[in-house]
Amino acid sequence: GTPIAFLVRNKDQRSTDYLDNDMKVAYRPSHADATYDAKYGVRAIAGGGRSSARETIGRVAAGAVARKILKQFNNIEVLAYVGKVQDIGG
């Protein structure tokens, strides 16, 4: 088939946003920093690491396209949610 291309312009990346506050000692909310650090021992506190949005955007975009194709051609709907995080549940 025909290749699919995406262009995502990142115009507001500022590493100092992560360095000039508690992010030096705390993991970023809603990021994979903690799990990546635990698994590989690597921490990119200035952003831009393996768990950054710039690195993961390709998989997110591909998933969005796959979801639409599955729905259109096979009537498969993909749903996901977080029901519980540790002892916090909904």
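Before going into details, it helps to say that this report is about the structure given with it. (Residues numbered from 1 in each chain as written. Predicted model: local features only at pLDDT ≥ 70, side-chain atom pairs only at ≥ 80, totals over all residues. Heavy atoms only, no water.)

Turning our eyes to something else, we now look at helix α3 (residues 53-74). Under the 1.5 Å per step criterion, the end-to-end length of α3 is 30 Å for 22 residues, consistent within 8% with the ideal 32 Å. Positive backbone phi, at 55°, marks Asn75, one or two positions downstream of α3. (Helix = DSSP H or I, 4+ residues; strand = E, 2+ residues; numbered from the N terminus. Expected span 1.5 Å × (residues − 1).)

This part covers a nonpolar patch on the surface. Taken together, the side chains of Ile4, Phe6, Val8, Ile57 and Val60 define a hydrophobic patch exposed on the protein surface, amounting to about 480 Å² of accessible area. Residue placement: Ile57 occurs in helix α3. You can call Ile57 partly exposed: its relative accessible area is 34%. (Patch = residues over 30% accessible without salt bridge, like charges linked within 9 Å, V, L, I, M, F, W, Y side chains within 5 Å. Areas by Shrake-Rupley, 256 points an atom, 1.4 Å probe, with all protein chains shown as cover. Salt bridge = Lys/Arg side-chain N within 4 Å of Asp/Glu carboxyl O. Buried < 20%, exposed > 50% of the residue type's maximum accessible area, 1.4 Å probe, protein only.)

For the coordinates displayed, the defined rule picks out 1 aromatic pair. Judged by centre distance (4.6 Å) and plane angle (45°), the ring pair of Tyr36 and Tyr40 falls under tilted. In this pair, Tyr36 and Tyr40 both sit in helix α2 (residues 33-40), 4 residues apart, roughly one turn of the helix. Assessed through its relative accessible area of 21%, Tyr36 is described here as partly exposed. In this structure Tyr40 comes out as partly exposed when scored by relative accessible area, which is 47%. (Phe/Tyr/Trp six-rings, centres within 6.5 Å; stacked < 30°, edge-to-face > 60°.)

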